[in-house]
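Geometric and topological summary
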Amino acid sequence: MTERVSKTEMVKRIQASSNMKKRDDVNLIINCFIEEIGSALSKGERVDFPGFGSFSVSHRAERKGRNPQTGEEITIAAHDAPVFKAGKDLKSRVKEGI
Amino acid sequence: MALTKALMAEKLFEELGLNKREAKEMVELFFEEVRSALENGESVKLSGFGNFDLRDKSTRPGRNPKTGEEIPITARRVVTFKPGQKLKARVEAYAGTNT
């Protein structure tokens with residue numbers, strides 16, 4: 001279960017199953033995806049891909065933390081964080097892999 | 001407005017000049033390839049974005065919230081997403097909140 005697919009490998013696979021002639025073009029497309037999702041989330045917008053999942057922004061309140069190296073107590077400021085929720089199809093396809 | 005598959009295809013058309021059919025196809029292909037990698041037990045690392053990781057969960061006791069009846073939740077594999085530094089930094093900067 002430890003195999004890890006990099007972006008380069010992903011681009012290769014997507015090209016293989018598409019009609020795209022140049023790998024560079026597929027790379028541009030994937031970068032455009034990443035850019036658009038990031039841009040939507042940075043504006044606090046939801047991103048919904050039925051069958052795959054959704055990305056949204058979740059607010060994190062200020063909390064106390066600790067520097068694990070020094071043990072010093074620090075305040076972690078309130079901030080927003082991206083969250084992913086797997087969709088039905090993705091969930092059910094992955095579920096049985098155990 | 002929420003970003004959808006249709007809007008994503010529209011962006012590929014605007015930004016990269018793909019025709020509408022191609023754009024739609026690439027959106028579907030992208031999700032399908034990520035899904036099938038995860039289905040085959042591979043985690044997916046998209047630099048500049050984040051990692052889709054897999055976690056194996058063992059059986060645990062659950063309950064039907066309506067009837068209170070106890071039912072075991074079967075062992076399963078689930079997908080988790082760990083945002084990368086770049087994505088985190090972009091989202092963190094968003095000042096408002098909608099929840």
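As a reminder, the structure under discussion sits directly above these lines.
Residues numbered from 1 in each chain as written. Chains lettered and ligands numbered in written order. Predicted model: local features only at pLDDT ≥ 70, side-chain atom pairs only at ≥ 80, totals over all residues. Heavy atoms only, no water.

Regarding the interface of chain B and chain A
Condition: Residue contacts follow a heavy-atom distance rule, with two residues in contact if any of their heavy atoms lie within 4.5 Å. Two parts lose some accessible area (1.4 Å probe) when they are put together, and adding that loss for both gives the buried area. Think of a salt bridge as a Lys or Arg side-chain nitrogen and an Asp or Glu carboxyl oxygen that are within 4 Å of each other. Definition of a polar contact: a pair of N or O atoms within 3.5 Å, with one able to donate and the other able to accept a hydrogen when the atoms are protein atoms, and with sequence-neighbouring residues admitted only if both atoms are side-chain atoms. Put simply, DSSP H or I for four residues or longer makes a helix, DSSP E for two residues or longer makes a strand, and each gets a number counted from the N terminus. All residues other than Ala, Val, Leu, Ile, Met, Phe, Trp, Tyr, Cys, Pro, Asp, Glu, Lys and Arg, Gly among them, are scored as polar; the first ten of these are nonpolar and the last four charged. Here a strand pair is declared whenever DSSP counts at least two bridges between the two strands.
Counting from both sides, the interface comprises 58 residues of chain B and, opposite them, 54 residues of chain A. Approximately 5,400 Å² of surface area, both sides summed, lies buried where chain B meets chain A, with 67% of it carried by carbon and sulfur atoms. Put simply, chain B and chain A have 7 salt bridges between them. Of the charged contacts in the structure, one is a salt bridge between Glu42 of chain B and Arg13 of chain A, with a shortest N-O distance of 2.9 Å. Counting every contact that joins chain B to chain A gives 17 residue pairs in polar contact (both at pLDDT 80 or more). When contributions to the side of chain B that touches chain A are tallied by element, the ones reaching two or more residues are helix H1 (5–16), helix H2 (20–39), strand S1 (43–46), strand S2 (50–57), strand S5 (76–83) and helix H3 (85–92) of chain B. Residue contributions to the side of chain B that touches chain A peak at 14 residues, all from H2 of chain B. A breakdown of the residues in the side of chain B that touches chain A according to their chemical character gives 29 nonpolar, 11 polar and 18 charged. As judged from the 2 bridges shared by strand S1 (residues 4–5) of chain A and S1 of chain B, these two strands associate in the parallel manner. Directly across from Val5 of chain A, in S1 of chain B, lies its bridge partner Val44 of chain B.

As for the pattern of salt bridges
Note the following rule: Burial status follows relative accessibility: with a 1.4 Å probe on protein chains alone, a residue under 20% of its type maximum counts as buried, one over 50% as exposed, and anything between as partly exposed.
This model, assessed by the stated rule, comprises 16 salt bridges over all chains. For Glu39 of chain B, the salt bridge identified is with Arg93 of chain A, shortest N-O distance 2.8 Å. Taken together, the residues span two chains, with Glu39 of chain B in helix H2 and Arg93 of chain A in helix H3 (residues 88–95). With a relative accessible area of 32%, Glu39 of chain B lands in the partly exposed category. Of the charged contacts, one joins Arg35 of chain B and Glu32 of chain B as a salt bridge, the two residues approaching to 2.9 Å between their closest N and O atoms. Of this pair, Arg35 of chain B and Glu32 of chain B both sit in helix H2, 3 residues apart, which is roughly one turn of the helix. For Glu32 of chain B, a relative accessible area of 28% corresponds to the partly exposed category.

A word on the nonpolar core
Quick note on the threshold: The set of buried Ala, Val, Leu, Ile, Met, Phe, Trp, Tyr and Cys residues whose side-chain atoms join them within 4.5 Å is what this entry labels a nonpolar core. Annotation comment: domain bounds sourced from an automatic or database domain assignment.
Judged by nonpolar contacts, the single largest core of 47 residues is most densely connected at Phe55 of chain A together with Phe52 of chain B. Counting residues domain by domain, this core receives three or more from each of domain 1 (1–45) and domain 2 (46–98) of chain A. Contacts of Phe52 of chain B, omitting those with residues within four sequence positions, involve Phe52, Phe55 and Phe84 of chain A together with Val34, Leu38, Ser43, Val44, Leu46, Val79, Thr80 and Phe81 of chain B.

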